[in-house]
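# A closer look at the structure
Below, each chain spelled out in residue letters.
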Amino acid sequence: MAEFGNFCLLFALCLSLYALFAALIGASQRQPRIVKSAEKAAFAAAGCTTLSFAALLYLTFTNDFSISHIAESSSRDLAVFYKIAAIWGAHDGSMLLWVFFTALLCAIVIYQNRSRYRDMMPYVLAVLMIDLCFFLSLNFFLSNPFKQLTQVLADGTLQKFMPADGRGLNPLLQHWAMVIHPPILYLGFIGFLIPFAFAIAALITGQIGTTWIRTTRRWTLLTWLLLGAGLLLGGKWAYVVLGWGGYWGWDPVENSSLMPWLMGTAFLHSVIIQERRGMLKIWNTILIMLTYLLGVFGTFITRSGVVSSVHAFSDSGLGHFFLIYMAAVLIASLGLIAARRSIMKSERQLDSLLSRESAFVFNNLVLVAACLAVFFGTMFPVFSKWITGVQITLDAPFFNKINIPIGLILLLLTGVGPLFAWRKTSLESLRRAFFWPAISAAVVVAVVFIGGIRHFYFIICMALCTFVLVSIVEEFFKGALVRRETKGESFAAAVVNLTLKNKRRYGGYIVHFSIVMIFAGLAGNAFNRETKAQLATGQELRIGS
Amino acid sequence: MARMKFIVGGAVIVAALAWMGFVGFQESKAYYITVDEYASMAGDLHGKTVKLAGDVVAGSIDRTKPRMEFIIESRTNKIKVRYIGTDIIPDTFKDGSKALVEGNIAGDGAFEARRIEAKCASKYEAEYKKRSSS
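Residues numbered from 1 in each chain as written. Chains lettered and ligands numbered in written order. Predicted model: local features only at pLDDT ≥ 70, side-chain atom pairs only at ≥ 80, totals over all residues.

### Concerning the overall build of chain A
- For chain A, the helix and strand inventory stands at 18 helices and three strands.
- Expected size for 545 residues packed as a compact globule is a radius of gyration near 24 Å; at 26 Å, chain A falls within 12% of this value.
- In terms of overall dimensions, chain A has a C-alpha envelope of 90 × 80 × 55 Å along the principal axes.
- A burial count over chain A gives 45% of its 545 residues as buried. (Helix = DSSP H or I, 4+ residues; strand = E, 2+ residues; numbered from the N terminus. Rg over C-alpha atoms; globule rule 2.2 N^0.38 Å. Buried ≥ 20, exposed ≤ 12 C-beta atoms within 10 Å, placed from the backbone.)

Here it is as structure tokens:
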């Protein structure tokens, strides 16, 4: 079975290499049949990685400890539930999960677009296959999950070796979140490959319109959602399992999954401007490129041991390959953008500071600043080692100092952005739109202040949360009132139909609502008191004042 | 005109964030070094926050003093550490474990740690690897 799984992995690599070259040749010679064969090869590659994954699953369930990966991460007494988690409980198997998901997503995208965008698809396929080939070769050659254990006999010959039992899954990883967290997070990283591939294909074919954005919108949203869910699950796991007393420790691995999320959030917002107003084309392409690269960077951080972390796998010696790959993608993409810059000019200029466009641009600026700050803080030990020869680390105070104000500015923009009109907002309409949110925020500030709380950031955060919350409620309320008048629906039906008719707008409000909930939760941290002490029998300890 | 306002607004935000970043940087930067590196640059590190990584010397943990003391070593150097923090010492901290202590140099040349992190000795893994793959 190990040989079968291994063979499937190698065959998938061959197929994806074929798909890559066939797609490029088919496109340059305008031979749809060659492109079709490339697509079929990509499907077959997905089939092969699925078989390979199934083989590892089978080997894990049958306790085949002659496989190094299984001996390291599973054991006979491990519950079935955790045996699944054992597959991604160590480096090699988690890489296979990554490859499996990548191949599957590629196949779905190719199938979805089998009769659309025929000029763009070969290049989309090529980009997808470059990514898949890279990870498949790493998986097959450098971190093979089917590697078998051997031992040296007294006479110097090698012999296969099967321990009686495996080492078992690290107890810290035996938690329900571990079974769903990595798959969700991986999908959240990998999914950004799809909009990136379409962006590159749009650049190559010169179709810098909004086609690539519209067609990948759902992929982007789904990926963003999964990455966000993965982040929250990771926090839940850390809160329950690790004794940090917290859900977030600004640990390098946590940071490396936050960075693509921040960049992806910026991308989600700023493409709206390109769709509506034809602006920021170069910016959007750079954003999706960085989002994709930060996803790869996240795996690099987790797997290379370049910075130490509680979540990381131990050093796997893959670091250099990741660096070369990321540098190559960065240079190629930037070169392509530079070559196409003449057709990527903005169709319009910013009209006014008080406009939806400028709220979006500020949102982008702040999100990218947050991402840069996290990047800088995470990589500072590495940079300082290069420059001064001494490693200097940065801890939570650094990240909090810079990201709390950033978060509050973002929260403000979440509230005011949707109230601004496109192009230009009159002061009169602003006054009307801001009236109830601002009054409510003021009331909350007064109540909190009278309640005796003087924590500056907490008060600001509560005020902004109220502002956003009331503005969202007002949007639904006003829209539903209009619908009730014109269509004669009941109020509740009007709210539901309103949302379904304009999912993008009202769905966005629902997401904003959940962000407000998260911020309100984070603000509670201001009152977090943690004391650790050893007490003798009968001794008392008072926490807080 | 709008563009100008925009650039000014953006610059103000970026400058404010950069300042916050700088303040946070001063507050939380810590030198991360091994005991060997520490021995060769001890003079430069007075008054600075240092994270010191090394192995706990077996048998050196002395819990009889009012402040627990122990010795950590890396390849060629050793240093005495006095724990002045208030947190409970992690269970993984014992003879031979890899420890990361955070604090600064005390007047008497010992290292005063405010925080201790410890990892189990990785010998288990190394032994396993040796037995299974070599």
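Here the narrative resumes.
### A word on the overall build of chain B
- Across its full length, chain B carries three helices and six strands.
- Listing the helices and strands of chain B from first to last along the sequence gives α-β-α-β-β-β-β-β-α.
- In chain B, the proportion of contacts linking residues at least 24 apart, taken out of those at least 6 apart, comes to 49%. (Contact = placed C-beta atoms within 7 Å.)

### So, the pairing of strand β4 (residues 78-83) of chain B
Residue and element names in this part refer to chain B.
- Residues of β4 alternate between two faces, with Ile79, Val81 and Tyr83 buried on one and Lys78, Lys80 and Arg82 left unburied on the opposite face.
- Direction of pairing for strand β3 (residues 69-73) relative to β4: antiparallel, over a ladder of five bridges. By the bridge assignment, isoleucine 71 is partnered in β4 with lysine 80.
- In this structure, the hairpin formed by β3 and β4 is closed by a connection of four residues.
- Of the pairings in the sheet, the one linking β4 to strand β6 (residues 111-119) comprises three bridges and is parallel in character. From the neighbouring strand, tyrosine 83 faces β6, where its bridge partner is alanine 113. (Pairing = 2+ DSSP bridges.)

### A few points about the nonpolar core
- Ranked by internal contacts, the top residues of the largest apolar core, which has 150 residues, are Ala19, Ala42 and Leu125 of chain A.
- Among the elements that line this core, the one with the most residues is helix α6 (residues 121-142) of chain A, at 14 residues.
- When neighbours within four sequence positions are excluded, alanine 42 of chain A is seen to be in contact with Ser16, Ala19, Cys106, Ala107, Ile110, Leu125 and Met129 of chain A.
- Core analysis: the next-biggest nonpolar cluster, separate from the first, contains 21 residues, Tyr31, Ala53, Ile72 and Val81 of chain B among them. (Core = buried A, V, L, I, M, F, W, Y, C linked by C-beta atoms within 7 Å.)

### Examining the interface of chain A and chain B
- At the interface, 32 residues of chain A touch 28 residues of chain B.
- Elements with a contribution of two residues or more to the side of chain A that touches chain B: β1 (150-152), α13 (356-388), β3 (391-393) and α14 (396-416) of chain A.
- Each residue belonging to the side of chain A that touches chain B can be placed in one class, and the counts come to 19 nonpolar, eight polar and five charged.
- Bridge count for β3 of chain A against strand β1 (residues 30-34) of chain B is three bridges, and the pairing is antiparallel. Across the sheet, residue threonine 393 of chain A finds its bridge partner in β1 of chain B, namely alanine 30 of chain B. (Nonpolar A, V, L, I, M, F, W, Y, C, P; charged D, E, K, R; others polar.)

### Structural notes on the packing of α14 of chain A against helix α16 (residues 456-487) of chain A
All names here are of chain A.
- Interhelical geometry of α14 versus α16 gives an angle of 20 degrees and a closest axis separation of 8 Å. In terms of their interaxial angle, α14 and α16 are classed as roughly parallel. When the axes of α14 and α16 are compared, the crossing they make is left-handed. Contacts between α14 and α16 involve Ile404, Leu408, Leu411, Leu412, Thr414 and Gly415 from the first element and Tyr457, Ile460, Cys461, Leu464, Cys465, Phe467, Val468 and Ser471 from the second.
- Its residues assigned to classes, the contact of α14 with α16 comprises 11 nonpolar, three polar and no charged. (Axes fitted to C-alpha atoms, helices over the stretch in contact; angles between N-to-C directions. Parallel < 35°, antiparallel > 145°, perpendicular 65-115°, else oblique. Left-handed = near helix turned anticlockwise from the far one by under 90°.)

### Remarks on the confidence of the model for chain B
Residues and elements named next belong to chain B.
- The predicted model of chain B has a mean per-residue pLDDT of 78, with 86% of residues at 70 or higher.
- Mean pLDDT values over the elements of chain B span from 39, in helix α3 (residues 123-133), up to 89, in β4.
- Interface confidence in the predicted complex, given as ipTM, is 0.75; pTM for the same model is 0.89. (pLDDT = per-residue confidence, 0-100.)

### A word on the pairing of strand β2 (residues 50-56) of chain B
Residues and elements named next belong to chain B.
- The element β2 is extensively covered by neighbouring structure, given that six of its seven residues are classed as buried.
- In terms of strand pairing, β1 meets β2 through four bridges, oriented parallel. Each residue of the ladder has a partner; that of tyrosine 31, found in β2, is valine 50.
- With six bridges joining them, β2 and strand β5 (residues 98-105) adopt antiparallel strand pairing. Residue pairing for β5: alanine 53 is matched across the bridge by leucine 100.
- Alignment of β2 against β3, held across two bridges, turns out to be antiparallel. Bridge pairing links valine 56 to isoleucine 72 in β3.

### Section: unusual backbone geometry
Residues and elements named next belong to chain A.
- Residues other than glycine seldom take positive phi values, yet arginine 30 does so here, at roughly 50 degrees.
- A count of 10 C-beta atoms within 10 Å places arginine 30 in the exposed class.
- We note that tyrosine 117 has phi near 45 degrees; this positive angle belongs to a residue other than glycine.
- Note on placement: tyrosine 117 falls in the loop between α5 (91-112) and α6.

### Digging into the environment of tyrosine 111 of chain A
Residues and elements named next belong to chain A.
- Within the fold, tyrosine 111 resides in helix α5.
- What makes tyrosine 111 exposed here is the crowd of 12 C-beta atoms within 10 Å.
- Sequence-wise, tyrosine 111 and arginine 341 are 230 residues apart; in three dimensions their C-alpha atoms are separated by 31 Å.

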